[in-house]
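Chain and residue survey
Letter by letter, the chains look like this.
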Amino acid sequence: MNYNNKSKKLLSKFNFKKKYGQNFITDENIIKNIVEKSLISKDTLVIEIGPGAGALTHMLATYAKNVIAYEIDESLKLILDENLSDCDNVEIIYKDFLNADISNDIKKYEYKKLYVIANLPYYITTPIIMKIIKDEIDVDKMVVMVQKEVGNRFKAKPNTKEYNSLSVYLNYYFDVKKILDVSKNVFIPKPNVDSIVVEFDKKDRVKLKDSKIFFDLVKDSFNQKRKNLKNNLKNYDLNKIESILKKYNLDLTSRAEQLSIDVFIDIANNLN
Ligand code: SAM
């Protein structure tokens, strides 16, 4: 989208809010690259979190069937109305995404694929992704721009210091890959760090008997990273856990970061 004079003027007067992680992309090529790499088609419903001035939203709208975008900052309405005036397939919902009823909001749309595509507000990257997972929104793909350091953690493997509960959840649900490096110089205002764009593709997964048990187990195992499983999982059936760990040459003195996703699934599926 090329900003017209009116929207340039509106944006030049806009009071960027750091508390909302407002760093808008200015480079049309980066936006095009993200959207083209996402392989959106005319039967795709796209959820965007934080449309900002609508540059990414506009490009998404040209490729997708429909776009629903959640924006917390209502003072962007004038700019968004101007920049998206030629898009009739975009719905902007002015609310905090973390409080959104996503299933309800999307139910009026017909689509074959559901994607989440966003340049995420950095201060709530993890809560946003966890909300999508915990609300059990059946997304086929997520393509998100995040701070580089955070993005690298998404792909972390066991026995590395980046491996944490989020990496376990994400790698259970998705194949995760980096698709683009993005310099901090292409944003206004310029953030302190570079970003990366990460793609998450829904994968076939081993069934969980009860996803809540899995979530709690993973969260509790990583509760105090320096402590071993015996200390972090005091309230669990430690005998049962120990017998499962044995199969993987692990024991209760092991730490959470040594456990692969398969081990967490095996334990979760054997707890009541
Ligand atoms: N998509 C735009 C772009 O790429 O230029 C803006 C991205 S900016 C990094 C993040 C956007 O998320 C801002 O517009 C901000 O107001 C919005 N935002 C922040 N917190 C939010 C929340 N809890 N729910 C919905 N939108 C939020």
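Please refer to the structure higher up on the page.
Attention here is on the structure that accompanies the text.

The rules we used
- Residues numbered from 1 in each chain as written.
- Predicted model: local features only at pLDDT ≥ 70, side-chain atom pairs only at ≥ 80, totals over all residues.
- Heavy atoms only, no water.
- 1 Å grid on protein atoms, 1.4 Å probe; cavity = no way out; pocket = protein on both sides within 12 Å on 5 of 7 lines; lining within 4 Å.
- Points joined across faces, edges and corners; volume = space filled by probe spheres on them.
- Helix = DSSP H or I, 4+ residues; strand = E, 2+ residues; numbered from the N terminus.
- Nonpolar A, V, L, I, M, F, W, Y, C, P; charged D, E, K, R; others polar.
- Buried < 20%, exposed > 50% of the residue type's maximum accessible area, 1.4 Å probe, protein only.
- Contact = heavy atoms within 4.5 Å.
- Polar contact = N/O pair within 3.5 Å; in protein donor to acceptor, adjacent residues only side chain to side chain.

1. Description of empty space enclosed by the protein
Taken as a whole, this structure holds 1 cavity of 30 Å³ or more when the rule is applied. Each pocket or cavity is described by its volume, and for the largest cavity that value is around 30 Å³. Together, I34, L56, A118, N119, V143, V144, M145 and V197 line the largest cavity. Broken down by secondary-structure element, the contributors of at least two residues to the lining of the largest cavity are β5 (113–119) and β6 (141–147). Looking at the lining of the largest cavity, the element that brings in the most residues is β6, giving 3 residues. Counted by class, the lining of the largest cavity contains 7 nonpolar, 1 polar and no charged residues.

2. Things to note about helix α9 (residues 211–221)
Those residues of α9 lying buried are I213, F214, F215, L217, V218 and S221. Residues of α9 that are buried in the fold lie against α6 (125–134), α8 (165–173), α10 (229–232) and α12 (261–270). Regarding α9, its N-cap is D210, as a side-chain oxygen of that residue lies 2.9 Å from the backbone nitrogen of K212 further along.

3. Comments concerning the environment of L114
Summarising the element assignment, L114 is placed in strand β5. Through-space distance from the C-alpha of L114 to that of L208 is 22 Å; in sequence the pair is 94 residues apart. If we skip the residues at most four places from it in the chain, L114 touches L45, I47, I106, I137, D138, V139, D140 and K141.

Keep in mind these numbers describe shape, not what the thing actually does.
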